[in-house]
Amino acid sequence: MNQPLLFEIGCEEIPARMIAAAAEDLRLRVVAALDAAGIEHGASRAWGGTRRLAVRVDAVAATLPGSDQLVLGPPAAAAFGKDGLPTPAAAGFAKKQGIDPSTLQKIETDKGVYAGFRRAVAAQSLEQVLAASLPASVAAMSFPKAMRWGMGTHRFVRPVQWVVALHGGAIVQLELLGVPSGRDSDGHRFLAPGPVVLEHADRYVEALRTARVLIEPPERRAALTAALDAAAQGAGGTVVTDDALLDEVVDLVEWPGVVLGRFDASFLDLPPEILVTTLKHHQKSFSIRGKDALAPAFLSVANTDRDPAGHIRRGNEWVVVGRLDDARFFWNEDRKRSLASRVEDLKRVTFHKKLGSYEEKTRRVTALASAIGTKLGPDVLALDTAARAGELAKADLVTGLVGEFPELQGIVGGLLLSAEGAPAAVASAVAEHYKPVSAQDSIPSTPEGCVVALADRLDTIGALIGAGEAPTGSRDPFALRRAAGGLFRIVAERGWPVAVKDLAGWAGGGAAASAFLEDRLGNWLLDRGFTANEIEAVRRPKVDAGAFAGWPVGEILARLAIVATLRGRADFAKLVELTKRVDNILATATEAVEGGAYAENHATALALDRAHDDLAPRIRAASAANDFPAVLDRLGELVAPVAKFFDDVLVLDPKNPAATRWRRELLAKVRSTVTRDFDIRELAGQAGSNR
Amino acid sequence: MNFQRLLLGIQGFWADRGCVLQQPYDLEVGAGTMHPDTFLRVLGPEPWRVAYCQPSRRPGDGRYGENPMRVYKHYQFQVILKPSPIDVQRLYLDSLRAFGIDPLEHDIRFEEDNWESPTLGAAGVGWQVVMDGMEISQFTYFQQAGGRELAPIPVELTYGIERICMFLNDIKNIFDIPWNDAGITYGDVRHREEVEHSTYSFKEADVPFFRTQFDSWEKEAARLVEIPLVVPAHEAVLKCSHLFNVLDARGALSVTERAAFIQRIRKLACTVADAYVAQREAAGFPLLTAKSS
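Residues numbered from 1 in each chain as written. Chains lettered and ligands numbered in written order. Predicted model: local features only at pLDDT ≥ 70, side-chain atom pairs only at ≥ 80, totals over all residues.

Colleague: Kindly report on the overall build of chain A, identifying the contributing residues and their values.
Modeller: For chain A, the count of helices and strands is 24 helices and 22 strands. Taken over C-alpha atoms, the radius of gyration comes to 35 Å for chain A, far larger than the 26 Å a tight globule of 691 residues would show. Structurally, chain A occupies a C-alpha span of about 95 × 80 × 50 Å along its principal axes. By residue count, 42% of the 691 residues in chain A fall in the buried class. Counting only contacts in chain A whose residues sit at least 6 apart along the sequence, the fraction spanning at least 24 positions is 67%. (Helix = DSSP H or I, 4+ residues; strand = E, 2+ residues; numbered from the N terminus. Rg over C-alpha atoms; globule rule 2.2 N^0.38 Å. Buried ≥ 20, exposed ≤ 12 C-beta atoms within 10 Å, placed from the backbone. Contact = placed C-beta atoms within 7 Å.)

If you want it as structure tokens, here you go:
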């Protein structure tokens, strides 16, 4: 009978950043072991926690039934002599297969008669299959960092403490990384010490919950979020939400709890960005927003929901106050000098060993920001603001605060400029020029900030690729690919008429940088969910492959967004099909047809001709106005006349060469209009794809 | 619990678990790891268990005795268990219980923290043990030392005993730690030394003199390892390491020069490690013969 299969590998504390990927890797390996052996099974899922990786597969068969395997050798004609005895060829085959040549039989197949035999494959138990394949597979799991322990014979993410392997209620006997399997799991290290005896593979989540381990990540997350909200409310405020921090802490605990700590209100003199970052960076703690400002309190996540003696609160407060003291010290020190005076100090900070210091980079970025700003023009941005922001953009790298909190680069520069009374536009451009820092982050809020962000990334890409640091394979130590994605987003979201060719020209770095940016544009579009065919459908009518780079990124994106709306539209599926038929007809070679007048008299053909001549100028006009939804609507109107044409009219009429010529010309005209803006033929069979 | 009672307690705990109770090394070191009973004994196949308190000097951390947390010299309690026992986390938690920490009243977590010592050619994988938001220990499974892959794997437990003592006594300033019950504080014992050593490391250390010494000890280490006199060679490397730390604190080294110094020390440490293993091998790895631990 098919039963669920459960594996749990119990480990010493696994680094939070590795848990989810490791659990998924284990799931794939268990399923692969079943599939490779041909064992029937249902759906599977993985769980990861601080001290365990677990996988459950539903409805797994207990045995792999025995079978007869047909093994074919040489053709019968070559395998048996006239006397009916095996030839040397047949003997060689038999020897290789380890059988007696006399057991070879003639076997009829679709392809002819062959010499062959049937081999019985013994039935195997699930346990035999898993014990034979899973240990090596699990031992081969890879982690960002693995380790050895004890005698040093095994390698895993952390030392393995226990292994659970259950099929239904029965133990699957095997050994993973030197640890024999059983049914004993372990609960929360302190709140529920001692083994958790699992009676059945089905009741894993419940059994662990009883032992104070929330193994379902959404459950853990919900418990944590609720505890954070309740504690913040207790302090008269709301949590300053931070998804990245929540993602991390949720994998640091098995039984989440939250402690509310307080600090002296005098620390609220610090800029909120610095307060929040100090709490997050050093203590993985959340800040609390009060009515008008931050509250003098914080929330720390604990691996327990109790604090009977107040030690947890007290300990966290103690450390937080020390950290806030440090932050205040740096903030006071950093304000003793103007940010501008620090540009000189950038001479001693190396950008790259072949490319000199950040002071040199600053000069390049400033010049580039001016060049970009000039090209965009004074209607778009204030040129002097962008140039000034470029000059000051990197100066905060030599402040104490950025030394302590590298993630505040840019932001500290902006805060210091505001504190010294610099123009708000300059402060904002400096503060935001690292944006977007992730796919979820927004681009800088001002055009000047965007220009500095472009200049900084373009310099990094051009200079580093020029210095031979282009990314290779999975290696991208300077995150140039992410930088390129940032460039495309900024110009597209701003709607600036900037093409990859322009970006490559600004970046310098020669053909290599240019090729890199073109390649990244393709990848960036794919990353945004467009299919390769959609990209091709947009590219081909307009330009050849090399010239795609000359097209403003925003325009490419706008057209792709329109093409993507065709997914699943039946009328366009029909139009695609009809256009392909047009292709076939036009591709058919015909004898040269004498010229001469031909007066078409077929009503359907004339109707298509009229429909086309009516629609074509309107399509051209809509296209010239970049009104691509209208282009598609007009194209949609062609579906019916073209379909009727194919139903009613004979195009290739051997008896009437003049009519054939006229109708081919009509179809060529129609195809040229249909594929003028989008080569929709690329979309054949794409109707089902999803964003 | 006063400072010396905590120290006695932790020593007693590990002494009862088969550790050789060793004494601090009598040279300047930056960490307990540099003691030959760690750095050399973790090499090769022989089992080893040792515990000791090692006063550790970090010239760059000196704060003239004015910072409540940071000091030029602190006391590291160091435990090496080789091979790492499978229940070492339990042993560690038991040691905390031994000096009165009830895990049910605290939040004790093992958070990823991998350790690397470029000067010793050593690296390990493990955690910082965080109690109630505070780092109280480093817990490291050594993977390499002296540039050599290790097997068996030693585990190193390092307790920041000042930290733990401050926490147990709810004290905000390291110099207020009660050293004993007769009214003597950590500050009474150590404050003057902190002021003087901070002044020395940051202001007075004679840079050319330190550079000359570094070169001399480097030569001496290379000479000794050839003979081989392994422990004296290791001590010469420790001298180099400390001289480098002072030069670094003094701000005398540029970035590239600093990297070059680290490489020079690392190279010596690796040759010492090789010489040690060769010497133990020639002796037939004496501790491999069954000695009950």
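Colleague: Please give an account of the overall build of chain B that cites residues and values.
Modeller: Within chain B, the secondary structure is distributed over eight helices and nine strands. Here the C-alpha radius of gyration of chain B, 19 Å, is about what a compact globule of 293 residues would show, namely 19 Å. Projected onto its principal axes, the C-alpha positions of chain B cover 55 × 50 × 35 Å. Counting across all 293 residues of chain B, residues that qualify as buried make up 45%. Counting contacts in chain B only where the partners sit at least 6 residues apart, residues at least 24 apart contribute 67% of the total.

Colleague: Tell me about the sheet that holds strand S6 (residues 105-109) of chain A, and please be specific about residues and values.
Modeller: Residues and elements named next belong to chain A. Ordered by their spatial adjacency, three strands build an open sheet running S5-S7-S6, and the pairing between neighbours is antiparallel. Two strands lie at the open edges of the sheet, namely strand S5 (67-75) and S6, each paired on one side alone. Across this sheet, the average inter-strand angle for adjacent strands is 50 degrees, counted without regard to direction. Bridge count for S6 against strand S7 (residues 112-121) is five bridges, and the pairing is antiparallel. Within S7, the residue paired with Ile107 across the bridge is Tyr114. Each of S5 and S7 touches helix H3 (residues 88-97); the most contacted strand, S5, lies at about 145 degrees to it. (Pairing = 2+ DSSP bridges. Axes fitted to C-alpha atoms, helices over the stretch in contact; angles between N-to-C directions.)

Colleague: Tell me about the domain arrangement of chain B, residues and numbers included.
Modeller: All names here are of chain B. Here chain B is partitioned into domain 1 (3-201) and domain 2 (205-288). Its C-alpha centre places domain 1 at a distance of 23 Å from the equivalent point of domain 2. Taken together, the 27 residues of domain 1 in the interface contact 25 residues of domain 2. Elements represented by at least two residues in the side of domain 1 that touches domain 2 include exactly helix H2 (36-39), strand S2 (48-57) and helix H5 (186-204). Class assignment of the residues belonging to the side of domain 1 that touches domain 2 gives a composition of 15 nonpolar, eight polar and four charged. (Domains from an automatic or database assignment. Nonpolar A, V, L, I, M, F, W, Y, C, P; charged D, E, K, R; others polar.)

Colleague: How would you explain helix H1 (residues 3-15) of chain B if you had to name every residue and give the values?
Modeller: All names here are of chain B. For H1, spanning 13 residues, the distance from its first C-alpha to its last is 18 Å, which sits close to the expected 18 Å at 1.5 Å a residue. Within H1, the full set of buried residues consists of Phe3, Leu6, Ile10 and Trp14. For H1, the angular spread of the buried residues around the axis is 65 degrees, confining them to a single face. Looking at H1, the residues exposed on the side facing more than 90 degrees away from the buried face are Leu8 and Ala15. (Expected span 1.5 Å × (residues − 1). Arc of directions from axis to C-beta.)

Colleague: Report on the sheet that holds strand S18 (residues 257-262) of chain A, specifying residues and quantitative values.
Modeller: Residue and element names in this part refer to chain A. Read from one edge to the other, the open sheet built from four strands follows the order S17-S19-S20-S18, with strand pairing classed as antiparallel. Strand pairing shows two members of the sheet lacking a second neighbour, strand S17 (238-239) and S18, which therefore form its edges. By the bridge criterion, six bridges tie S18 to strand S20 (residues 294-302) in an arrangement that is antiparallel. Directly across from Val258, in S20, lies its bridge partner Val301. Against the sheet, helix H8 (residues 272-283) engages strand S19 (286-289) and S20, with an angle of about 15 degrees to S20.

Colleague: If you had to explain the interface of chain B and chain A to someone new, which residues and values would you point to?
Modeller: In this complex, chain B contributes 28 residues to the contact, which on the side of chain A involves 26 residues. If you tally residues by element for the side of chain B that touches chain A, the top one is strand S4 (residues 108-112) of chain B, at four residues. Of the residues in the side of chain B that touches chain A, the class split is 16 nonpolar, six polar and six charged.

Colleague: How would you explain the environment of Ala611 of chain A if you had to name every residue and give the values?
Modeller: Residue and element names in this part refer to chain A. Considering the arrangement of structural elements, one finds Ala611 in helix H22 (residues 603-624). Sequence separation of Ala611 and Ala132 is 479 residues, and the distance between their C-alpha atoms is 70 Å. For Ala611, the residues in contact, after removing those within four places along its chain, are Leu638 and Pro641.

Colleague: Pulling in residues and values, what's your account of the domain arrangement of chain A?
Modeller: Taken domain by domain, chain A holds domain 1 (3-63 + 125-210), domain 2 (67-121), domain 3 (217-334), domain 4 (350-563) and domain 5 (567-683). Measuring from the centre of the C-alpha atoms in domain 1 of chain A to the corresponding centre in domain 2 of chain A gives 44 Å.

Colleague: Can you break down helix H20 (residues 553-564) of chain A residue by residue, with the values?
Modeller: All names here are of chain A. Under the 1.5 Å per step criterion, the end-to-end length of H20 is 16 Å for twelve residues, consistent within 8% with the ideal 16 Å. Among the residues making up H20, those that are buried are Val553, Ile556, Leu557, Arg559, Leu560, Val563 and Ala564. Across the axial projection of H20, the buried residues extend over an arc of 165 degrees, all falling on one side.

Colleague: Residues and numbers for the nonpolar core, please.
Modeller: In this structure, Val553 of chain A together with Val237, Cys240 and Val272 of chain B are the most contacted members of the largest nonpolar core, which totals 256 residues. Counting eight residues, the second largest nonpolar core, distinct from the first, contains Ala90, Ala94, Tyr114 and Ala115 of chain A. (Core = buried A, V, L, I, M, F, W, Y, C linked by C-beta atoms within 7 Å.)

Colleague: Kindly report on unusual backbone geometry, identifying the contributing residues and their values.
Modeller: Residue and element names in this part refer to chain B. Following Ala151, the chain continues to Pro152 via a peptide bond in cis, the omega torsion being -5 degrees. Locating Pro152 in the fold gives a position in the loop between strand S8 (148-149) and strand S9 (155-160). Following Ile227, the chain continues to Pro228 via a peptide bond in cis, the omega torsion being -5 degrees. With respect to the helices, strands and loops of the structure, Pro228 is situated in the loop between helix H6 (207-226) and helix H7 (230-249).

Colleague: Got a sec to walk through the pairing of strand S6 (residues 122-131) of chain B? Specific residues and values, please.
Modeller: Residue and element names in this part refer to chain B. In terms of residue burial, S6 counts as a mostly covered element, since eight of its ten residues are buried. Sheet analysis places S4 next to S6, joined by five bridges and oriented antiparallel. Looking across to S6, one finds that Phe110 is bridged to Val129. Inspection of the sheet shows strand S5 (residues 115-117) paired to S6 by three bridges, in the antiparallel sense. The partner of Glu116 across the bridge, within S6, is Ala123. From the end of S5 to the start of S6, which pair antiparallel, there are four residues, and Gly121 there has a positive phi angle of about 60 degrees. Sheet topology places S6 next to strand S7 (residues 134-145); nine bridges connect them, and they run antiparallel. Its bridge partner lying in S7, Gly126 is registered against Thr140. In sequence, S6 turns back onto S7 through a hairpin of two residues, with Asp132 there showing a positive phi of about 50 degrees.

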